[in-house]
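Notes for the structure review
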Amino acid sequence: MSSGSHLSKELHDLIKSIGETRSKQEEDKIIIKEVQQLKTKLNEKNMPPKKVKEMLIRAIYIEMLGHDASFVHINAIHLTQSKNLALKRLGYLCCSLFLDNDSELLILLVATLQKDLASTNVHVVVNALTAVGKLISKTFVNALTEPVLKLLTHNTDIVRKKALMVMQIIRQLNQDCITEQDYDDRIRRGIQDKEPSVMGAAFNLYHEELKKGAVNKYKPLTGTFVSMLKQIIEHKLHKDYDYHRFPAPWLQIKLLQILTLLGANDLKVSEQIYEVLGSTLRRADDTTINIGYAVTYQCVKCISGIYPQQSLLEQAANSVSRFLKSDNNNLKYLGINALTQIVSISQKYVLEHQMTIVDCLESNDDTLKKETLELLFKMTNEQNCEVIIQKLIHFLKTSSDSNFKKDLFVKISLLNEKHAPTQEWFIKTANTLFEFGSEFIDNDVRNNFFKLLIDNFNDIGTEFGVFITEIYSDLLKNDLQDNILKIVCWVIGEIGSQIYDQDPNKLNELTQLVIMKLDSQLESETTISWILTCLAKLQSARAFQMFDQTRAIFQKYMQSKHLDCQQRAIDFFTLAKFNAALKGSQFITVDPKMSFLDAYVQQERLRGAQPYNPSLQVKAAALGSAAEAPSLNFGPYSDNKYGGVKTGTFGTEENKITNQNSSAPTIAGPWDDTGYNQKQPPAPKPVIATPMAIGSTTGMGSNGSGQTTTKTTMQSMGSGQMGVNANQTQNNYIPPVKPLPQKEDPNLKEKQKLANQLFAPISQTQQQPQQTQKKGITAMTAQKPMNANPNPNANQTQTLQQKPPAQVLNLLEIDDPLPTKQPNIVVPQVYVQQPQIITQKSVVPSQQQPQQQQPLQQQWSQSSPVQAQPIPQQQQQLRSYIPANINVDQYEQLWERNQNIKEVTLQSKIKSEQDFKRMIQTININVIEVIDQEIICAGANAENKSCILIYGCYNSNGSLDLKINSTDPKDAEYILAVIKRQFC
Amino acid sequence: MINFILMVNKQGQTRLAQYFQFLSVKERMTLEGELIRKCLSRNETQCSFLEHRGYKIIYRRYASLYFIIGMDLEEENEMAYLEFIHNLVETLDKYFENVCELDIMFNIEKAHYILEEMVMNGQIVETNKTQILAPIHVLDKAKDE
C-alpha cells in the first residue's frame, strides 16, 4: 500500500521529497516553497473536493514540520460541512490538529457539530463525536451537552463508547452541565453495557472519579468490578479483546487500578479483592510476555496499595524478585519501582535484593538509577542513613541534570533532618549539601534550616550554640558562595552574638571575620545586606566593643545605591550610636514583668477592672477579620461539621492580624528576607528602651514563657522589614504588658491551635516538599529513647490489628447481619436504635454534661504534650476495638448524641494523612471521611460495643487536634494514651 | 493521561504527531527535537522509559522509526504503555499490511484516524483491533462511492 498511488502526482512527489531529505535545512526549503505554492492555490475557485483534501494533507505536513499554515485553517472548517464522509472526517481531523481549544474559529464549528450529532447516519455521528472529544471547549460546552448525553443510549456500541468519553470531558470542563447524580447513573449504565468496549471506556471514567477522591461513593461497586475482572481473566470476553492470547490486558490493568483505590486502607473492601487479585497475578505470572509483566506489575502495585495481606505480599515479592533478576532493564525498572511500593509496607523484602539494588545504582542507565535512588529514599532509616545520604550526595556532585539535582537536594535535606545520627553529622551534611546544591537554596530552604537550628539551640542550649558558631566561623575563613555566606552570617549574628554576649574577644574575632567578607567578591548586593544585619546583631551583644569599625562600615554603605543596603546601613548606624552609649553606662537591670505596676493593677482590679486576657484579643481579632472579609473563607470548613473546631482557610489578611496580636508561635511571624529572627536579647529598661530595642534588631521581649508581647515586637522590628518601616517601628514601641502568672497559660494551647489552623494551609503550600520538616534533629534526640523502650502494650495493639475480618462490626448498615452477641437489634429504626446497639448503656444523660465541662481547663493542662502523663492504672488493662462502618451522616448523628468529648492538642509524629491512617489502623477503627487535613473515624469497643468517634485534624508541623467522643470516657482515655505513647 | 504520541525517525524527522493538550507549533518542534535526541542517545540495553520536562516518556523503536508516548508523571504502568505502542503498530500493520514509514507518510490521515480510535481524552479507549479498524474501513468505502 506504500506506493501512494492514490495520491495526485504533486502530493506524491512532495511527500517523497520530504521523505528523502537528509537534513532539517533541506526539509525547511521544501516546506517554505510548499507554503508559497499553497497560498496561491487557495485562491482558485471551485476546487474539486479531492484537491481540497490534498491541500489539507499538505497543510498537516507543513504544521507538523514546524511551519505556519494558519491560512488553511478556515478551509478545514469548511470541509467539515462536506457531504462526503471521508472529507468530513478529514476536515474534523485538521481542525483538531490545527486549532487550539481557545481558538475563536471553533465557534464556527458548533452548528455543524450539533447537526452531525443529531444525524441519522451513524458514521456521521461517530465522526462528530470523535471531533467533539478533541475540540470541545468551555465556551460552547453547554451547546453540545444535551446532544451528547442523548447518544449515551444510542443503539450502536461505538457511539455509546465515544459519548461516554465525551461526557467525561464535558464534566471536566463544566461541572454544572451534568449533575453528580446523573453522571453517576450514566457511568453505572456504562459498566453494565453488554458491549465490553463500552464497559472498558466506562472504567476510565470511574478511575478518574476515584483519583479525584470520590472513593467512598463507589465502594459498594467493588463486587461488580471484582466479578468483571474475574470474567476477563477467565477468558469470558470475545477473542478479539485478547492481545497475544492474553485476555484484555489493558482492561485488567484499569480494573486493578480502580480496585487499588477502592481497597486502600479498607480491610473490608480489600477482602473482597484478595481472591481475584491472587488469581490475576498467578495467571499473569504464568506468561513470559511483556503484557503479562505489565499486569503482574499492576497486581503488585495493587497488593501494596490495598489493606496488606501476608500471602499476597509474599506472592508479590516473588514476582518482584523475578523482575529484578532479569537482564532486561525494562523489567528491572519495573522491579525497582514495585519494590519501592512494597517497602512502604515491609522493609524485609529489600534484603534479598541488596546486590541488585547496588548494581542498579551503578548502572549506566540514568532512568534506572533515578528509580533506585527513589527506592533508597523510601527505605532510609536511622541505621542506613549515613550510607544512603553519602550515596545521594555523590550523585548530587556528579549529576548535570538540574531537575534531578533539585529532587536530590530536597530528598537529602529531608533525610538529613529525619534521620541524622548526631548533630555534628547533621550540620556537616547540611553544609556539604549547601555547597553542592547552592543553586537550590531559596528562602524556604534557608528559613527551614534556620528554624531547625534555632529550635535545637533553644532545646539544647549553649553547647549547641558554641558548636555551630565554631563550625560556621571556621567556614568564614574560606571562600564561600553567596548563598552559603548568607547562612553563615545568619548563624553568627543570631546565635554567635548570644553565645558570646559577654565575651569581648570572641565577639571581636567574629566581627572581624564578618567584616573581612565585605571585601571579598560578592555576587549580589543582598549579600551585603545580610552581612550588615549580622554586624548589627553582633553589636547588640553586651560585650561588643568594635563600635568604631562597624559605624564606619555602616557609614560607608549609607551611600550604597542598593536601596535595601542603604536603608539598613542608616538604621544600624543610628542604632550603633545608642548601643554604644548604652554600653558606656552600667548594666541596667530590667524588670520585664513590670512588677512596679502591680500595685496599680491590684488597685484597678479591686475597682472592678477586667484582668488582662491575651486570648480574648486573639479571638476578637480572628473573629473580627473573619467578619470583615467573609469572602476569604473558602470551602468545607465553614460549617462545624464533625464537631471539629472551626478551621478557617483564611487569606493573608488574617495572617497579619493574628500575627500582630498573638503570641502564638506562628511561622510567618518572625520570618523576613534575611531569614528567621528569633533572637531574644537582654531586655532593656523600658524608659530608654525605644532606640535600644531596635538596636538589638530583633526587638525586645523577654525569655519568660507566656510573655505575650514577644512576637509582637519581633514582628514589627524584624530586621528584614527595617528597610521599609524603620521609622514606623521607632514610633511603634509597645510597652510590655503586665505579665501573666508563671503557670502555663491555659489559653496558650488554644492560641497555638488557632495559629496552627490558620497557618497550616499556608505553611503547607510554602514548604510542601519538606513536609516532615519539623521533626528535624530535635526529633532525633527525642525519638530514640522511645524506640529503645519496648512497649508491651504497643505490641498488643499490633496484634489487634490483625483481627480476623469477621470481627468487623457493621454499626449501622441495615443489610449486614450483626454479630450474634447483639440479638436485640430492631432493624427498621436504625438510627434511633443505634446507640443502644452499640453502647449497651443508655446515652449519657444530659445532667452529666456540666460535670464534663467543668474540668475543661484542667484538661488543657493535662493534655499538654510537655507533661508526659502517666497512664492511670485502670487504663493499663487492654482494650480492643473494631471498625464501624457508618457514613458521614450517621457519624454526625452519633456525634450529636454523645457528649463525652475529650479534646486535646498534641505534638505528634503525625504529619500526613498516611500517618494519621496508620494511627487509626493501630487502634483498629476505621476512617469515615477525609477532608483536607481533617479526618473522622469511628469504631467500637470490641467487648461492650460502646461507640467511639474520633475527629482529628493533623498538621504538617506535627500538631494534632483530637476530639474523641466515646460513650465510655475510659475508652477515650485509653485511646489517647495509646496515641500518646506510640505517635507522640 | 497521555499528553502526546509521536512517530519520529532516526533523522529526527517527525512523521506523525498527535497532542492531547495544546502546544504551539514552536513548542512542539523543540519538544520533538529534544526527545528524539534523548532517545537516540540511549542504547538497546537501557530501559525504554525516561523523564523529560515533567513528562514520563515511553519509547519503542521499529526499524528507523521511534514511537514515543508522553504521559503525566503520575501515570503508573510504563510497561502497559510500551505494549500499547506495540498494539498500535500491530494495528497499523493489520491495516496497511506490512506497514513501513512510507505507508504512514502517504496515508498520514489514516494513521491519525487509527490513533483517534485508540486514544480519547488522553486515555486508552480501545485495544481491540477489529473495533479500531471498523470505522476506518467505513471511511474507505465512503471514499470509493
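About the cut-offs
- Residues numbered from 1 in each chain as written.
- Chains lettered and ligands numbered in written order.
- Predicted model: local features only at pLDDT ≥ 70, side-chain atom pairs only at ≥ 80, totals over all residues.
- Heavy atoms only, no water.
- Helix = DSSP H or I, 4+ residues; strand = E, 2+ residues; numbered from the N terminus.
- Buried < 20%, exposed > 50% of the residue type's maximum accessible area, 1.4 Å probe, protein only.
- Contact = heavy atoms within 4.5 Å.
- Areas by Shrake-Rupley, 256 points an atom, 1.4 Å probe, with all protein chains shown as cover.
- Buried area = accessible area lost by both parts, 1.4 Å probe.
- Salt bridge = Lys/Arg side-chain N within 4 Å of Asp/Glu carboxyl O.
- Polar contact = N/O pair within 3.5 Å; in protein donor to acceptor, adjacent residues only side chain to side chain.
- Nonpolar A, V, L, I, M, F, W, Y, C, P; charged D, E, K, R; others polar.
- Patch = residues over 30% accessible without salt bridge, like charges linked within 9 Å, V, L, I, M, F, W, Y side chains within 5 Å.
- Phe/Tyr/Trp six-rings, centres within 6.5 Å; stacked < 30°, edge-to-face > 60°.
- Lys NZ or Arg CZ within 6 Å of the ring centre and 35° of its normal.
- Core = buried A, V, L, I, M, F, W, Y, C linked by side-chain atoms within 4.5 Å.
- Axes fitted to C-alpha atoms, helices over the stretch in contact; angles between N-to-C directions.
- Parallel < 35°, antiparallel > 145°, perpendicular 65-115°, else oblique.
- Left-handed = near helix turned anticlockwise from the far one by under 90°.
- Pairing = 2+ DSSP bridges.
- Expected span 1.5 Å × (residues − 1).
- Bend = angle between axes of the 7 residues up to and from the residue.
- pLDDT = per-residue confidence, 0-100.

Moving on to the overall build of chain A. A tally of regular secondary structure across chain A gives 47 helices and ten strands. In chain A, which comprises 984 residues, the proportion classed as buried is 56%. A separation of at least 24 residues holds for 70% of the contacts in chain A among residues at least 6 apart in sequence. Accessible surface, chain A: about 43,300 Å² in total, of which carbon and sulfur atoms supply 51%.

The next thing to look at is the interface of chain A and chain B. Each partner contributes residues to the interface: chain A has 77 residues there, and chain B has 67 residues. Summing both partners gives a buried area of about 6,200 Å² for chain A against chain B, and 55% of it is carried by carbon and sulfur. Put simply, chain A and chain B have eight salt bridges between them. We note a salt bridge from Glu76(B) to Lys301(A), for which the minimum N-O separation is 3.5 Å. Between chain A and chain B we count 28 residue pairs in polar contact (both at pLDDT 80 or more) in total. Of the residues forming the side of chain A that touches chain B, the biggest block, nine residues, is contributed by helix H9 (residues 157-173) of chain A. Partitioned by chemical class, the residues of the side of chain A that touches chain B number 31 nonpolar, 28 polar and 18 charged.

Right, let's talk about a nonpolar patch on the surface for a bit. All names here are of chain A. Together, Phe596, Leu597 and Tyr600 make up an exposed nonpolar region whose accessible area comes to about 330 Å². By the secondary structure assignment, phenylalanine 596 is in the loop between helix H31 (563-584) and helix H32 (598-606). For phenylalanine 596, a relative accessible area of 56% puts it in the exposed group.

Turning to the packing of aromatic side chains, a few remarks are in order. Residues and elements named next belong to chain A. Summed over the entire model, instances satisfying the criterion amount to 23 aromatic pairs over all chains. Geometrically, the ring pair formed by tyrosine 243 and tryptophan 250 is edge-to-face, given 4.9 Å between the ring centres and 65° between the ring planes. Look at tyrosine 243 and you get buried, because its relative accessible area is 1%. Taking the relative accessible area as the measure of exposure, tryptophan 250 reaches 8% and is therefore buried. Residues phenylalanine 409 and phenylalanine 440 carry aromatic rings whose centres are separated by 5.6 Å and whose planes lie at 50° to one another, so their mutual orientation is tilted. On the criterion of sequence distance, the pair formed by phenylalanine 409 in helix H23 (residues 402-419) and phenylalanine 440 in the loop between helix H24 (423-436) and helix H25 (443-460) is long-range, its members being 31 residues apart. The exposure class of phenylalanine 409 is buried, given its relative accessible area of 1%. Here the aromatic cluster, defined as three or more aromatic residues joined through ring pairs, consists of Phe409, Phe426, Phe434, Phe440 and Phe449. The ring centre of tyrosine 183 lies 5.0 Å from the NZ or CZ of arginine 171, which sits over that ring.

Right, let's get into the nonpolar core. Phe225(A) and Tyr472(A) are the most contacted members of the largest nonpolar core, which totals 259 residues. With eleven residues, helix H2 (residues 78-96) of chain B is the single largest residue contributor to this core. Counting 24 residues, the second largest nonpolar core, distinct from the first, contains Tyr881(A), Cys937(A), Leu960(A) and Tyr974(A).

Moving on to the side chain of Asn965(A). All names here are of chain A. Tracing the backbone through its elements, the reader meets asparagine 965 in strand S10 (residues 959-966). Residue class for asparagine 965 comes out buried when judged on its relative accessible area of 0%. A polar contact of 3.2 Å, which involves the side chain of asparagine 965, links it to the backbone oxygen of tryptophan 895. Discounting residues that sit within four places of it in the chain, asparagine 965 has contacts with Trp895, Asn898, Gln899, Asn900, Ile901, Cys947, Ile948 and Leu949.

A few words now on the pattern of salt bridges. For the structure shown, the criterion picks out 45 salt bridges over all chains. Its salt-bridge partner being Glu10(A), residue Lys41(A) comes within 2.5 Å of it at the nearest N-O pair. Of this pair, Lys41(A) sits in helix H2 (residues 24-42) while Glu10(A) sits in helix H1 (residues 9-20), placing them 31 residues apart in sequence. With a relative accessible area of 41%, Glu10(A) lands in the partly exposed category. Taken together, the salt bridges that share partners define one network made up of Arg89(A), Lys134(A), Lys162(A), Glu116(B) and Glu117(B).

To continue, consider the side chain of Gln18(B). Position of Gln18(B) relative to the elements: it lies in strand S2 (residues 14-19). A distance of 2.9 Å separates the side chain of Gln18(B) from the side chain of Lys134(A), its partner in a polar contact. Of the polar contacts made by the side chain of Gln18(B), one reaches the side chain of His112(B); its length is 2.8 Å. Aside from chain neighbours lying at most four places away, what touches Gln18(B) is Leu97(A), Lys134(A), Asn3(B), Phe4(B), Ile5(B), His112(B), Leu115(B) and Glu116(B).

On to the packing of helix H15 (residues 267-285) of chain A against helix H17 (residues 310-325) of chain A, then. All names here are of chain A. Two numbers describe how H15 lies on H17: the axes approach to 11 Å, and their chain directions differ by 20°. When the axes of H15 and H17 are compared, the pair comes out roughly parallel. Note that H15 runs across H17; the crossing there is left-handed. Taking contact as the criterion, the partners of Tyr274, Leu277, Gly278, Leu281, Arg282 and Asp285 in H15 are, on H17, Leu312, Gln315, Ala316, Ser319 and Arg322. Here the residues of the contact of H15 with H17 sort into five nonpolar, three polar and three charged.

Attention shifts here to the sheet that holds strand S1 (residues 2-9) of chain B. Sheet strands pair by backbone hydrogen bonding; their relative direction is either parallel or antiparallel. All names here are of chain B. Spatially, S2-S1-S5-S4-S3 is the arrangement adopted by the five strands of the open sheet, whose pairing is antiparallel. Looking at the sheet topology across the chains shown, the edges are occupied by S2 and strand S3 (49-52). Pairwise comparison of adjacent strand axes, ignoring direction, gives a mean angle of 20° for this sheet. One ladder, built from seven bridges, connects S1 with strand S5 (residues 65-71); its direction is antiparallel. When the bridges of S5 are listed, isoleucine 5 appears paired with isoleucine 69.

Residue and element names in this part refer to chain A. Its 19 residues give H15 an end-to-end C-alpha distance of 25 Å, which sits within 8% of 27 Å, the value for a rise of 1.5 Å per residue. Taking the largest bend as the criterion, H15 deviates by roughly 40°, centred on isoleucine 273. With a side-chain oxygen lying 3.0 Å from the backbone nitrogen of lysine 268, the N-terminal cap of H15 falls on aspartate 266.

Our next topic: the pairing of S2(B). Residue and element names in this part refer to chain B. Along S2, six of the six residues are buried, which leaves the element largely enclosed by surrounding structure. Examined bridge by bridge, S1 and S2 share five bridges and lie antiparallel to one another. Following the sheet pairing, methionine 7 is matched in S2 by leucine 16. Between S1 and the antiparallel strand that follows it, S2, lie four residues; glycine 12 among them carries a positive phi value of about 85°.

Moving on, we get to the environment of Asn174(A). All names here are of chain A. With respect to the element layout, asparagine 174 can be found in the loop between H9 and helix H10 (180-191). Between the C-alpha atom of asparagine 174 and that of serine 137, which follows or precedes it by 37 residues, the distance is 9.4 Å. Those residues in contact with asparagine 174, other than ones at most four positions away along the chain, are Val141 and Asn142. Among the polar contacts listed, one links the side chain of asparagine 174 to the backbone nitrogen of aspartate 176, at a separation of 2.9 Å.

So, on to the confidence of the model for chain A. Residue and element names in this part refer to chain A. Scored by pLDDT, chain A comes out at a mean of 73, with 72% of its residues at no less than 70. Note on residues 637-746: pLDDT under 50 across the span, and 246 contacts to partners over four residues away in sequence or across chains. Throughout residues 750-876 the model reports pLDDT below 50, and contacts reaching past four residues in sequence, or to other chains, amount to 217 contacts.

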